Amino acid sequence: PTMIIEILAVISIGAATGLRVLLSLLLVGLMSGDQLWANVPLLADLPSNLVLGTLVGGSIVEAVLSKDGYGRRWLYPAELVLSLGAGVLAGVGIGRTLGLPPELHRVAGLISGLLALVIQLGQAGWLYRPQALPPWALFLVDGLCISLVLCSFYAPQLGGVSVPWSRRCASVRW
């Protein structure tokens, strides 16, 4: 049963990365305690001040551009390109943090990265709707991203359950 919990945590972090790429990586580092990004490949090799500054700045840009109609036209394609790599990094990081066996780190990264890419593709599809998303829905996406990261650390079974529910609600509104 514990392996299922780790898989749900990987699904949760993949969904969060698909919603907001840089914000989820920032929260993974901050939630890891003193280790910061020690369990996240590539980010562990960089100075933590550089990673923190880049992710905070990027998260602010992500939050501002996601609320602007023209900003979303630039943000979503950029996030589409970054989502697979960021999802892999976050998935491997959460797998290492929760003690997933080392031979499954790549699988966790692949699952998380692909889920992040699929969710990001769905968000990019919202750009081509005749009607724009209401502003409250964009703030809801930010809140959902934060709650999914929190769930991946503290209650992964809840985070894994919320992913299909949120995708179903989005498809019904489409």
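Residues numbered from 1 in each chain as written. Predicted model: local features only at pLDDT ≥ 70, side-chain atom pairs only at ≥ 80, totals over all residues. Heavy atoms only, no water.

Topic: the overall build of the protein
As a reminder, the rule being used: Where helices and strands are cited, they refer to DSSP runs of H or I of at least four residues and of E of at least two residues respectively, numbered from the N terminus. The cut-offs for exposure are 20% and 50% of the maximum accessible area for each residue type, with area from a 1.4 Å probe on protein chains only; residues under the lower value are buried, those over the upper are exposed, and the others partly exposed. Throughout, a residue-residue contact means that at least one pair of heavy atoms, one from each residue, lies within 4.5 Å. Per-residue and other accessible areas were derived by the Shrake-Rupley procedure at a 1.4 Å probe size, with only the shown protein chains allowed to occlude residues.
Counting secondary structure elements, the protein contains 7 helices and 0 strands. When burial is assessed residue by residue, the protein has 46% of its 174 residues classed as buried. Counted over contacts in the protein with a minimum sequence separation of 6, partners at least 24 positions apart contribute 78%. When the accessible surface of the protein is summed, it comes to about 9100 Å², and 72% of that surface belongs to carbon and sulfur atoms.

Remarks on the pattern of salt bridges
Keep this limit in mind: Every case where a carboxyl oxygen of Asp or Glu lies within 4 Å of a side-chain nitrogen of Lys or Arg is listed as a salt bridge.
What the rule picks out here adds up to 2 salt bridges. Aspartate 142 is the salt-bridge partner of arginine 20, the closest N and O atoms lying 2.6 Å from each other. Here arginine 20 is found in the loop between helix H1 (2-19) and helix H2 (21-31), whereas its partner aspartate 142 is found in helix H6 (residues 135-154), with 122 residues between them in sequence. On the accessibility criterion, aspartate 142 (13% relative accessible area) is buried. Across the pair lysine 67 and aspartate 142 runs a salt bridge, and its minimum N-O distance is 2.4 Å. With lysine 67 in helix H3 (residues 48-67) and aspartate 142 in helix H6, this residue pair connects regions lying 75 residues apart in the sequence. A network of salt bridges, in which partner residues are shared, links Arg20, Lys67 and Asp142.

Side note on a nonpolar patch on the surface
Convention followed: Two distance rules govern patches: like charges are joined within 9 Å, and nonpolar side chains (Val, Leu, Ile, Met, Phe, Trp, Tyr) within 5 Å, applied only to residues with over 30% relative accessible area and no salt bridge.
Nonpolar side chains collect at one region of the surface, where Leu30, Leu52, Val56, Ile60 and Val64 lie side by side and expose about 420 Å² of accessible area between them. Here the nonpolar patch takes 4 residues from H3, the largest share from any one element. Inspection of the secondary structure assignment puts leucine 30 in helix H2. Assessed through its relative accessible area of 47%, leucine 30 is described here as partly exposed.

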